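Residue-level listing of the chains:
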Amino acid sequence: MDTSVDSIKTRVIEIIAEQAVLEPSDVTLESTLEDLGIDSLGLVESIFAIEEAFDISIPFNANAPQESDFDITSVASILKGIERLVAEQHG
Amino acid sequence: MKRVVITGAGTINALGQNVPDTFEAMREGRCGIGPLDIPDVDRLAIKIGGQVQGYDPEDRFNRQQLALYDRFTQFTLIAAREAISQSGLEFSGALAARAGVVLGNSGGGMTTLDENYRTVYEDGKNRVHPFVVPKLMNNAAASHVSMEFNLKGPSFTVSTACASSNHAMAQAFQLVHGGAAPVMVTGGSESMLCFGGVKAWEGLRVMSKDACRPFSANRNGMVQGEGAGIFVFEEYEHAKKRGAEILAEVAGFAMSSDAADIVMPSKNGAARAIKGAMKDARVNCSDVGYINAHGTGTAANDKTESAAVADAFGAHADKLMMSSTKSMHGHLIGGTGAVELLACIMALRDGVIAPTINYEEPDPECALDVVPNVAREAKVDVALSNAFAFGGLNAVLALKRFT
């Protein structure tokens with residue numbers, strides 16, 4: 001698996017775009033999930049797809065998103081979290 | 001009490017992917033049962049079923065929908081679209097607030113369970129898709145129908161094994177009959193033709209390896225089917241006011257419990273439900289021209305059902321027609337009564353009695369007119385639909401020709 005920062009970014013944006021039914025070019029680092037029209041079910045589905053793609057486990061609790069050790073404020077924060085988890089779990 | 005009529009019907013099953021195709025297959029006595037096309041079929045002892053063929057879910061639903069719709073939900077929505085479209089109803093405002101959906105189902109999202117058990121047990125993975133629970137729950141189909149058609153009144157799922165659909169339609173009938181709802185969407189569905197679903201049935205040793213031959217002396221068991229049947233039950237004055245086409249009248253029903261055995265049927269329990277349905281519908285024995293039998297093709301059911309009909313009808317038992325369409329579409333378990341109600345509608349409205357196919361040898365213990373092998377034309381005023389479930393839970397519906 002290619003775990004370079006660029007490759008993670010490309011793959012994560014692809015997953016988020018697919019969930020939002022958008023082109024990857026429409027998804028920017030500043031976008032929030034709300035901007036992209038991704039609801040709570042869409043979020044857990046995206047997290048599942050990301051876990052599958054990178055073989056990582058994301059500590060996300062849908063009951064208390066703000067208390068999870070995974071920041072979903074924007075695409076950028078999600079990416080940062082994934083980079084950290086990939087490094088921790090495959091480093 | 002309000003009169004209840006049927007103003008829409010929809011289906012997908014092994015005989016066809018809509019009502020007209022299913023009627024045509026029933027008229028022609030076509031068999032929808034064939035080799036199963038499922039993963040690991042080589043490890044099954046039973047390799048046949050009434051599978052829906054030529055069906056591509058992606059032709060009917062988008063990717064997001066399919067992430068949430070198990071096969072039984074897909075079938076339900078396809079049949080509901082046909083039924084509601086035929087009824088011409090649109091649900092908004094006061095009608096939407098009172099109209100609901102009651103469906104029968106036994107196994108829930110068994111394909112979803114099967115696939116995800118493979119993921120965790122066979123493939124050793126520790127993660128499953130997040131929608132496993134909302135996909136497999138038994139009420140998923142009823143909930144998605146409520147969402148797609150904006151039905152906001154009483155809605156739930158009934159699970160009584162092979163009688164689920166009949167019990168569900170009985171509840172829908174009661175809600176309209178008693179005035180609680182002007183319209184109810186009802187019926188049922190099932191999809192357990194997956195490795196685990198068929199393997200479980202194999203365990204009981206009641207399945208046929210070659211064909212479903214109800215009431216025939218050489219019968220050797222049941223054959224599973226899959227699909228859905230959905231109907232619009234509407235209060236008669238409501239339907240009349242808007243000039244809706246009426247397919248048949250639902251005149252009454254009865255339920256009974258054998259309180260005896262978890263798998264063996266009882267003549268008494270079945271006869272009580274049959275008599276109760278006639279009493280509820282205020283019809284005499286001699287008014288009944290057709291019975292859609294439970295007719296599973298097992299040794300136990302067919303002789304018990306024949307004895308129950310003889311008991312309930314006395315001398316008239318020799319004059320009425322009783323067929324089992326399971327011989328053609330298989331046993332849809334929790335959805336079976338719904339698909340079989342179509343045969344009752346065809347008898348009442350079109351005057352065509354669906355046959356019991358694969359009938360080869362008379363059985364003295366099933367000595368009724370089972371309409372062997374070839375459909376028959378006959379004028380029928382009242383039809384009954386029998387369902388006798390594992391666990392001894394019986395439900396019989398009575399329909400009248402609408403005039």
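Just above, that's the structure.
Residues numbered from 1 in each chain as written. Chains lettered and ligands numbered in written order. Predicted model: local features only at pLDDT ≥ 70, side-chain atom pairs only at ≥ 80, totals over all residues.

Glancing now at the overall build of chain A. A count of helices and strands for chain A gives four helices and zero strands. Along chain A, from the amino end to the carboxyl end, the secondary structure elements read α-α-α-α. For 91 residues, the compact-globule estimate of 2.2 N^0.38 gives 12 Å, and chain A sits close to it at 12 Å. Taken along its principal axes, the extent of the C-alpha atoms in chain A is 35 × 30 × 20 Å. Looking at chain A as a whole, 22% of its 91 residues qualify as buried. Long-range contacts, defined as pairs at least 24 residues apart, comprise 53% of the intrachain contacts of chain A with a sequence gap of at least 6. (Helix = DSSP H or I, 4+ residues; strand = E, 2+ residues; numbered from the N terminus. Rg over C-alpha atoms; globule rule 2.2 N^0.38 Å. Buried ≥ 20, exposed ≤ 12 C-beta atoms within 10 Å, placed from the backbone. Contact = placed C-beta atoms within 7 Å.)

Here we take up the sheet that holds strand S14 (residues 393–400) of chain B. All names here are of chain B. The ten strands are arranged S5-S4-S6-S7-S1-S8-S14-S13-S9-S10 in an open sheet whose pairing can be described as mixed. Pairing within the sheet leaves two strands with one partner each, and these edge strands are strand S5 (155–158) and strand S10 (321–323). Here the average twist between neighbouring strands, direction ignored, is 25 degrees. Of the strands in this sheet, strand S1 (4–13), strand S4 (100–104), strand S6 (183–190) and strand S7 (227–235) touch helix H4 (residues 71–87), which is tilted by about 140 degrees from S1. Where helix H8 (residues 140–149) meets the sheet, it contacts S4, S5 and S6, and its direction lies at approximately 155 degrees from that of S4. (Pairing = 2+ DSSP bridges. Axes fitted to C-alpha atoms, helices over the stretch in contact; angles between N-to-C directions.)

Attention now moves to the packing of helix H9 (residues 164–177) of chain B against helix H15 (residues 336–350) of chain B. Residues and elements named next belong to chain B. Their axes nearest at 6 Å, the elements H9 and H15 cross at an angle of 75 degrees. In terms of orientation, H9 lies roughly perpendicular with respect to H15. Listed contacts from H15 to Ser165, Asn166 and Met169 of H9 are Thr336, Gly337 and Ala338. For the contact of H9 with H15, the class distribution of residues is two nonpolar, four polar and no charged. (Parallel < 35°, antiparallel > 145°, perpendicular 65-115°, else oblique. Nonpolar A, V, L, I, M, F, W, Y, C, P; charged D, E, K, R; others polar.)

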